[in-house]
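# A structural walkthrough
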Amino acid sequence: MFAFPESRRPLKGLTLAALLLASAPALALNGKPAVDRDTVVMAISKEIANLDGQVTASGDSQRYGWQLYDMLYALDKHGKLVPSLAVSYEISPDLLTYTFKLRPNVKFHNGAVMSSEDVKYSMERILDPAVKSTRRPSFAPVIDKVEAPSPDTVIFRLKQPDGAFLNKIAGYLFIVPKEYTQSLGSPEAFARAPVGTGPYKFVEQKVGQSVTLDRFDDYFGNKPGIKRLIFRLIEEPSSRVNALLANEVDLSDGIPTVDVARLEKTPGLSVVKLPIGSPLAVRIYSNEPGSPLANPKVRLALNYGLDVNALIKNVMHGVGAPLSTYISSYYPVGVNKDLKPYGYDPAKAKKLLAEAGYPNGFETTIYSSSDWPKEIAETIAAYWSQIGVKLKIQRIDYAAWSRLNNTHKSGPLTLMQMSNAISDPIHPVQGAASKDGTWSDYSNPEVESLILEVNTKVNAPDRDRIFQKIGKILHDDAHSVLLTELIYVFAKDSSLEWHPNPGIAWYDLRDLKWK
């Protein structure tokens, strides 16, 4: 994942990394596995808290989801839909019926053969409020019922058109075995012993330490090139670098951006910079009457009052790119190339504040989770102080912030990433820019109307045209304070072959292998 130096101990982390770079590469890298050539040990920056891919949030399941589970259709390395557990589909002319033909003889990890009843159950499980699935908001408003007329056919009947339904199927509908899952009695029990159809099967989880997966030799698709995959939790950024250089892990996410240039020069080590199609922005609670943030001129002032290029260069060490709108430029549709980033113009920012009735600025608060370095919020505060906006920073633990953020209590401002999980802009737009969005405190009638329109379109040109309009509205109305495109930074032994999917936050570790 995108990571920064540990702000509380920058010198210590930097010094240790430098010492290890000077002394350890010949020992640790260039084809010497941490365990053996049948195994890859991957350091991860966040704990895998819940292995039930239907329940947990994308930010958790993005590490293991595509390893343990499959979907009816998948997203390839270009963000395009390709057959997976289903081999074909048909859409009715009114866009209300989706019929899938299933791949024959697909086995679950427990040996059971997948049928349409498992697919039907998987969707109905997500829709069940008692399961508390984070995928439910994507499907409950549109799914009327699911039918399994034959073992190889499943039919989804919708209440209303949903132009991104196939992408949601590809991003969110992990298929689980009906009989096995029901036998466990609870989502918590399934999370402790998950079963899917993916290329890896669950072996064990040591809470707070690691998750181990083994290759599933009865997998219907291409078999992984390694037999065992171990996720090892190492939360402290410099410690992940040190573990890689000390031959304790073979691959690591969350490489601190301060170390990127140095690691790129390390013999036997490869650095992978992966744009994931996700905006990092300041989410604005703009729907509170009487708040300065309800005024679009104030929101524009906050954008013009921040030197994003300097923030990317100095805080993120050049790993990032300015945004022109909330729709990332890495989406396959909806990218409006005519839009440009706001640019840094403090004089214009002050003028906008005066026009909005705040010539002397105002005071407000921003929440920043421990997931992000404190320097981001501090930099924002320093720039805004120059235009009269005094910013109080509330820095809290990620888990506590997540609970507040998911219940709309992280305002009036909060740092937030919107991951690309389904390779369609409806995810950030409906999730964080519509009146009913899971993480939205913004509403614009024009955007709501265009969302209704885009939901009736399934072809790419139409969706592209409508999302470009939405992107311009969000830009002109300053829906959020745009910071940067997110780029995940990984480092690995250069003898480890891996081709991750660009433009999406999911980890695809299926093609991992030693050269």
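Source: prediction; values computed, not measured.

The next subject is the pattern of salt bridges. In total, this model carries 24 salt bridges according to the counting rule given. Measuring nitrogen to oxygen at the nearest pair gives 2.5 Å for the salt bridge that ties Lys351 to Glu355. Of this pair, Lys351 and Glu355 are both found in helix H14 (residues 346-355), 4 residues apart, which corresponds to roughly one turn of the helix. Residue Lys351 is classed as exposed on the basis of its relative accessible area, which comes to 51%. Given a relative accessible area of 40%, Glu355 falls into the partly exposed group. One connected set of salt bridges, linked through shared partners, spans Lys77, Asp508 and Asp511.

Time to look at the environment of Asn360. Mapping Asn360 onto the fold places it in the loop between H14 and strand E13 (362-369). When the C-alpha atoms of Asn360 and Lys350 are compared, they prove to be 8.7 Å apart, with 10 residues separating the residues in sequence.

Within the fold, Tyr64 resides in the loop between helix H3 (58-61) and helix H4 (65-68). Here the alpha-carbon distance between Tyr64 and Asp253, two residues 189 residues apart in the chain, equals 13 Å. If we skip the residues at most four places from it in the chain, Tyr64 touches Ile48, Asn50, Leu51, Asp52, Gly53, Thr56 and Tyr69. A polar atom in the side chain of Tyr64 sits 2.5 Å from the backbone oxygen of Asn50.

What follows concerns the sheet that holds strand E12 (residues 269-284). If you walk across this open sheet you meet the 10 strands as E8-E9-E10-E1-E11-E16-E12-E15-E13-E14, and the pairing is mixed. Each edge of the sheet is formed by a strand with only one pairing partner; in this case those strands are strand E8 (200-206) and strand E14 (389-396). Bridge analysis of E13 against strand E15 (residues 413-417) gives 2 bridges, and the strand direction is parallel. Across the sheet, residue Tyr367 finds its bridge partner in E15, namely Thr414.

So, on to unusual backbone geometry. Looking along the chain, the bond that leaves Gly411 and enters Pro412 is cis, with omega of 10°. Mapped onto the secondary structure, Pro412 falls in the loop between helix H16 (398-406) and E15. A positive phi angle, close to 65°, is found at Leu95, a residue other than glycine. Turning to its location among the elements, Leu95 is positioned in the loop between strand E4 (86-91) and strand E5 (97-102). A positive phi angle is found at Asn105, which is not glycine, with a value near 60°. Classification of Asn105 as exposed rests on a relative accessible area of 66%.

Here the focus is the sheet that holds strand E6 (residues 143-150). Taking strand neighbours across the sheet as the criterion, the 4 strands line up as E4-E5-E7-E6 in an open arrangement whose pairing is antiparallel. Only two strands of the sheet have a single neighbouring strand rather than two, namely E4 and E6. Looking at each pair of strands side by side, their axes are set apart by 20° on average, direction ignored. Taken together, the 5 bridges between E4 and E5 define a ladder with antiparallel strand orientation. Residue pairing in the sheet places Glu90 in a bridge with Thr99 of E5. Against the sheet, helix H5 (residues 116-127) touches E5, E6 and strand E7 (153-158), its axis set at about 165° to E6.

Let's shift gears to the packing of helix H18 (residues 445-454) against helix H19 (residues 460-476). Interhelical geometry of H18 versus H19 gives an angle of 165° and a closest axis separation of 10 Å. What the angle tells us is that H18 and H19 run roughly antiparallel. Of the two elements, H18 crosses H19, and the hand of that crossing is left-handed. Only Arg463, Arg465, Ile466, Phe467, Lys469, Ile470, Ile473 and Leu474 of H19 make contact with H18, whose side of the interface consists of Glu446, Val447, Leu450, Ile451, Glu453 and Val454.

We now examine the packing of helix H12 (residues 296-304) against H14. Contact geometry for H12 and H14: axes closest at 8 Å, N-to-C directions at 165°. By the angle between their axes, H12 is roughly antiparallel relative to H14. The element H12 and its partner H14 pack so that their crossing is left-handed. Counted together, Lys297, Val298, Leu300, Ala301 and Tyr304 of H12 and Pro346, Lys348, Ala349, Leu352, Leu353 and Glu355 of H14 form the full contact between these two elements. When its residues are assigned to classes, the contact of H12 with H14 shows 8 nonpolar, no polar and 3 charged.

So, on to helix H7 (residues 165-172). Counted residue by residue, H7 has 8 buried out of 8 residues, so it is predominantly covered. Taken residue by residue, H7 has Phe165, Leu166, Asn167, Lys168, Ile169, Ala170, Gly171 and Tyr172 as its buried positions.

What follows is about the packing of aromatic side chains. As enumerated under the stated definition, the model contains 20 aromatic pairs in all. Their ring planes at 75° and their centres at 5.8 Å tell us that Phe174 and Trp506 sit as a pair that is edge-to-face. Of this pair, Phe174 sits in the loop between H7 and helix H8 (178-184) while Trp506 sits in the loop between strand E17 (496-497) and strand E18 (513-514); the two residues are 332 residues apart in sequence, bridging distant segments of the chain. An aromatic cluster is present here, built from Tyr73, Tyr89, Tyr98, Phe100, Phe139, Phe156 and Phe165 joined pairwise through their rings. Positioned above the aromatic ring of Tyr398 is the side chain of Lys46, whose terminal nitrogen or guanidinium carbon lies 4.7 Å from the ring centre. Directly above the aromatic system of Phe190 lies the positively charged group of Arg125, at a separation of 5.1 Å from the ring centroid.

What follows covers the confidence of the model for the protein. With 94% of its residues at a pLDDT of at least 70, the protein reaches an overall mean of 91. In the predicted structure, residues 1-28 sits below a pLDDT of 50 and forms 66 contacts with residues beyond four places in sequence or in another chain.

Glancing now at H14. Listing the buried residues of H14 in full gives Ala349, Leu352 and Leu353. The arc that holds the buried residues of H14, viewed along the axis, is 100°, so those residues lie on one side. Facing away from the buried side of H14 by over 90 degrees, the exposed positions are Ala347 and Lys351. In this structure, the buried residues of H14 make contact with H12, E13 and E14. Gly357 sits one or two positions beyond H14 and adopts a positive phi of about 95°.

What counts as what
Residues numbered from 1 in each chain as written. Predicted model: local features only at pLDDT ≥ 70, side-chain atom pairs only at ≥ 80, totals over all residues. Heavy atoms only, no water. Salt bridge = Lys/Arg side-chain N within 4 Å of Asp/Glu carboxyl O. Helix = DSSP H or I, 4+ residues; strand = E, 2+ residues; numbered from the N terminus. Buried < 20%, exposed > 50% of the residue type's maximum accessible area, 1.4 Å probe, protein only. Contact = heavy atoms within 4.5 Å. Polar contact = N/O pair within 3.5 Å; in protein donor to acceptor, adjacent residues only side chain to side chain. Pairing = 2+ DSSP bridges. Axes fitted to C-alpha atoms, helices over the stretch in contact; angles between N-to-C directions. Parallel < 35°, antiparallel > 145°, perpendicular 65-115°, else oblique. Left-handed = near helix turned anticlockwise from the far one by under 90°. Nonpolar A, V, L, I, M, F, W, Y, C, P; charged D, E, K, R; others polar. Phe/Tyr/Trp six-rings, centres within 6.5 Å; stacked < 30°, edge-to-face > 60°. Lys NZ or Arg CZ within 6 Å of the ring centre and 35° of its normal. pLDDT = per-residue confidence, 0-100. Arc of directions from axis to C-beta.

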